[in-house]
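Inside the fold
Chain by chain, the residues run as shown.
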Amino acid sequence: MYHLNEEELNFVRKEVERQDIHFRHLANDLIDHISCEIEEMISRGRKFQDAYKEVLGIIGTDGLQDLQKDTLYLTDKNYRIMKNSMKISGVAGMALLVFGILFKMQHYPGGDILLVIGFLLLGGLFFPASLMVMRKEYQQLDRPLIYITLMIGGLAIIFAVLLKVLHWPGANILFLLGYSMMDLLFLPLLLFSLLKNTSDSQLKTTYVIGAFSLFFCMAGGLFKMLHYPGAFILLIVGSLGLTAVFFPMYVYKMYKASDRLDPQFIFLCIGMLYFNMFNLLLAYN
Amino acid sequence: MIISNEFIKGLIKPIILKLLEDHGKMYGYEITQKVEELTQGKIKLTFGALYPILHKLEADGIVLTETLMVNNRARVYYLLSKTGKVSAREKIAELEEFVRTIGKLISPEPGILPCTT
Amino acid sequence: MKKLSYISGILSINLFLVGSLIKMAHWPGASILIILGLGFMALVFLPVATITAYKDEVDKTLLWVYVSGFICAFVDIIGAMFKIQHFEGANVLLLIGLPLPFVLFLPVFVYNHIKRDDQQMKGFLGVMFLLTYIVVFSALLAFKS
């Protein structure tokens, strides 16, 4: 019976690592199991590379990751409850919020209540829960500081908007706080983490361009709100850098290899459109 | 004829427990091979189905794990814990009862199990 | 078709961006670029990209997700264009367009996500975050003016 040598084992280890298998001893289980399958095929006359490809083909691109998620889901009851309440509060919060806005715009009664409940659901339940889910499932970016700054910054902005809508005091300060936190803390941390985890130097450059553009973009918005000079230049450089330089580079890198049009691209275009729209409108109202 | 997944899903746990009861310490691949061997290829346990359940059994305290270095890599062996042995017995008895009951349902005459080909 | 999708997408958002920046600087030529950018996006990019993506989609039962996404995006973008250019009918379009993603796309999307017992959080979270962003900032803008 053939036994895989160190070099061949490393192929298998790399694949398990690529899919970020970190739950308890699942990585060991999978490395051993896949190796056994391959060894069996080699004993029947296949070459390592062919056997390796075939086994990976059976697993599928994200098969191991899905397996890990099923395992997480099955073993951790609290996690399951949190995930479900995250989804429900997200959808409910949004629906309430939207109808709250509509009611207020049309001066129907009850708009305020809908808004407040919607905001509370989104900001108090959905947003924190989704960050916790994200952290558990995407451990590649696991520096707790990233999630903390994202959570605080995001919550500050969400609640600042709520205060503004209710005409309560403190909205502006809270908003500036949140925005600054995202721009000055979260963004650099995110960039460092991404750079550390990527080996492709072209992709690294793309990330750097993107992060700096975003930084200038948001700084421009901040400056405008604080009535500092130079805001417009920052906005121009930032948003053009983001949309005309970073985005095409990123799209090229990500989708050059794939043969199908990923709906994610449509989603990203819409996202970029809205981001620019809101950022500019915000700075100029 | 390979037996389809919809019948097997709920039975995987008792099947694993039965194997561990009979054979003591087993590792994941060994379990899937044993199932395939004993059912003459009719039931193929995929590792997408196997490992979540093994880990759940471990989280519930029914099985324990031991890791040994074999052939350059870490191999995780699964075995029934003390309490596991007891609940395994219960679950397996339930499975055996289930098989007898279904047999009665399918065959027209009571007490006779259908022919399996 | 695929190339057209990529190019039209990137082109339209950049046209819109440049137009907006020019508008903020009160220079001439802003309106053309804004109309071109948003119009191109809604009339060329969205249909072409949605159809191309769906054609390559493995799971054809996701049709309604694509269709509802397209409708909501289309109405919202045209609504935004009308509002920015002060065209007639802007308010009606926005009145329909603002809740539309949440009463049409969101239920369809979540339903399909749950039906598939989808453990893929990345796509789900991405869509939820984008929608949250849109709703929160829409609230802000609706109440600033």
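In this text the structure is predicted, and so the values were computed from the model without any measurement. Residue numbers run consecutively from 1 along every chain, following the written order of its sequence. For this description, chains carry letters from A and ligands carry numbers from 1, given in the order in which they are written. Totals for whole chains, interfaces and linings use every residue, but because this is a predicted model, local features are given only for residues with pLDDT of at least 70 and side-chain atom pairs only at 80 or more, for both listing and counting.

Only runs of H or I of at least four residues qualify as helices and only runs of E of at least two qualify as strands under DSSP, and these elements are numbered from the N terminus. For chain B, the count of helices and strands is five helices and three strands. Helices and strands appear in chain B in the N-to-C order α-α-β-α-α-β-β-α. Split into buried and exposed, the 117 residues of chain B put 23% on the buried side. Exposed residues have 12 or fewer other C-beta atoms within 10 Å of their own C-beta, buried residues have 20 or more, and partly exposed residues fall in between, where C-beta atoms are placed from the backbone.

Quick look at the interface of chain A and chain B now. Facing 19 residues of chain A, the contacting portion of chain B comprises 18 residues. When contributions to the side of chain A that touches chain B are tallied by element, the ones reaching two or more residues are α1 (6–18), α2 (26–43) and α4 (63–75) of chain A. Take the side of chain A that touches chain B: its biggest share by element is eight residues, from α2 of chain A. Taken together, the residues of the side of chain A that touches chain B sort by class into six nonpolar, eight polar and five charged. Contact between residues is assigned whenever the C-beta positions, reconstructed from backbone atoms, fall within 7 Å. Side-chain classes are defined by residue name, with Ala, Val, Leu, Ile, Met, Phe, Trp, Tyr, Cys and Pro counting as nonpolar, Asp, Glu, Lys and Arg as charged, and the others, Gly among them, as polar.

Right, let's talk about the sheet that holds strand β3 (residues 73–80) of chain B for a bit. Residue and element names in this part refer to chain B. Pairing in this open sheet of three strands is antiparallel, and the strands run β1-β3-β2 from one edge to the other. The open sheet is flanked by β1 (26–27) and β2 (63–70), the only strands paired with a single partner. Pairing geometry for β1 and β3, over two bridges, is antiparallel. Looking across to β3, one finds that Tyr27 is bridged to Tyr77. Orientation is described by lines fitted to C-alpha atoms, with helices fitted over the stretch in contact, and by angles between N-to-C directions that extend from 0 to 180 degrees. Strand contacts of helix α2 (residues 12–23): β1, β2 and β3, with the helix running at about 95° to β3, the strand carrying the most contacts. At least two DSSP bridges between two strands are required for those strands to pair.

Residues and elements named next belong to chain C. The N-to-C vectors of helix α3 (residues 63–84) and helix α5 (residues 100–115) enclose an angle of 160°; their axes lie 9 Å apart at closest approach. Here α5 runs roughly antiparallel to α3, going by the angle between their axes. For the element pair α3 and α5, the recorded crossing hand is left-handed. Facing Trp64, Val65, Ser68, Gly69, Ile71, Cys72, Val75 and Asp76 of α3, the residues of α5 in contact are Leu100, Pro101, Leu104, Phe105, Val108, Phe109 and Asn112. Convention used here: angles under 35 degrees read as roughly parallel, angles over 145 as roughly antiparallel, angles from 65 to 115 as roughly perpendicular, and any remaining angle as oblique. Each crossing gets its hand from how the near helix is turned against the far one by less than a right angle, where anticlockwise is left-handed and clockwise is right-handed.

Okay, the interface of chain A and chain C next. On the side of chain C, 47 residues touch chain A, which itself brings 50 residues to the contact. The set of elements that each furnish at least two residues to the side of chain A that touches chain C consists of α4, α5 (77–105), α6 (111–137), α7 (144–165), α10 (231–255) and α11 (263–284) of chain A. Examining the composition of the side of chain A that touches chain C, we find that 16 residues originate from one element, α11 of chain A, more than from any other. Residues belonging to the side of chain A that touches chain C are distributed by class as follows: 37 nonpolar, seven polar and six charged.

Definition of nonpolar core: a set of buried Ala, Val, Leu, Ile, Met, Phe, Trp, Tyr and Cys residues joined via C-beta atoms within 7 Å. Judged by nonpolar contacts, the single largest core of 95 residues is most densely connected at Met94, Leu97 and Val161 of chain A. The element best represented in this core is helix α6 (residues 121–144) of chain C, accounting for ten residues. Leave out the neighbours within four places in its chain, and Met94 of chain A touches Leu122 of chain A together with Phe102, Leu106, Leu131, Thr132 and Val135 of chain C. Residues Ala27 and Ile59 of chain A together with Tyr51 and Leu80 of chain B belong to the second largest nonpolar core, which totals 36 residues.

Right, let's get into helix α3 (residues 48–59) of chain A. All names here are of chain A. Taking 1.5 Å of rise per residue, the twelve residues of α3 would be expected to cover 16 Å, and the 17 Å separating its terminal C-alpha atoms lies within 8% of that figure. Taken as a whole, α3 has its buried residues at Ala51, Tyr52 and Ile59. Take α3 and look down its axis: the buried residues cluster within an arc of 100°, on one side only. Opposite the packed face of α3, turned more than 90 degrees from it, sit the exposed residues Gln49, Asp50 and Gly57. Here the expected length of a helix is defined as 1.5 Å per residue gap, with one fewer gap than residues. Directions pointing from the helix axis toward each C-beta atom define the arc.

Along its 16 residues, α5 of chain C runs 22 Å from first to last C-alpha, staying within 8% of the 22 Å computed at 1.5 Å per residue. Within α5 of chain C, burial applies to Leu100, Pro101, Phe102, Phe105, Leu106 and Phe109 of chain C.

A few words now on the pairing of β2 of chain B. Residues and elements named next belong to chain B. Looking at chain direction, β2 and β3 are connected through eight bridges and run antiparallel. Residue pairing in the sheet places Leu64 in a bridge with Leu79 of β3. Hairpin remark: β2 followed by β3, antiparallel, with two residues in the connecting loop; positive phi at Asn71, about 50°.

Now for the packing of helix α3 (residues 28–38) of chain B against helix α4 (residues 47–59) of chain B. All names here are of chain B. The geometry of α3 relative to α4 is characterised by a closest axis approach of 11 Å and an angle of 125° between their N-to-C directions. Relative to α4, α3 is oriented oblique. In terms of crossing hand, the pair formed by α3 and α4 is right-handed. Residues Gly28, Ile31 and Thr32 of α3 form the contact with α4, whose participating residues are Phe47, Leu50, Tyr51 and Leu54. For the contact of α3 with α4, the per-class residue count stands at five nonpolar, two polar and no charged.

Attention now moves to the environment of Ala30 of chain C. Looking at the element boundaries, Ala30 of chain C is found in helix α2 (residues 30–55). Look past the residues within four positions of Ala30 of chain C in its chain and what remains in contact with it is Gly19, Ile22 and Lys23 of chain C.

Moving on, we get to the environment of Ile78 of chain C. Residues and elements named next belong to chain C. Relative to the helices and strands, Ile78 resides in helix α3. Judged by C-beta crowding, with 21 C-beta atoms within 10 Å, Ile78 ranks as buried. Distance from Ile78 to Leu94, taken between C-alpha atoms, is 8.9 Å for residues 16 residues apart in sequence. Discounting residues that sit within four places of it in the chain, Ile78 has contacts with Ala42 and Leu93.

Right, let's talk about the confidence of the model for chain B for a bit. Values of pLDDT, which run from 0 to 100, indicate the predictor's confidence residue by residue. For chain B, per-residue confidence averages 85 on the pLDDT scale, and 86% of positions sit at 70 or higher. Across chain B, β1 of chain B holds the top mean pLDDT of 94, while helix α1 (residues 5–8) of chain B sits lowest at 68.

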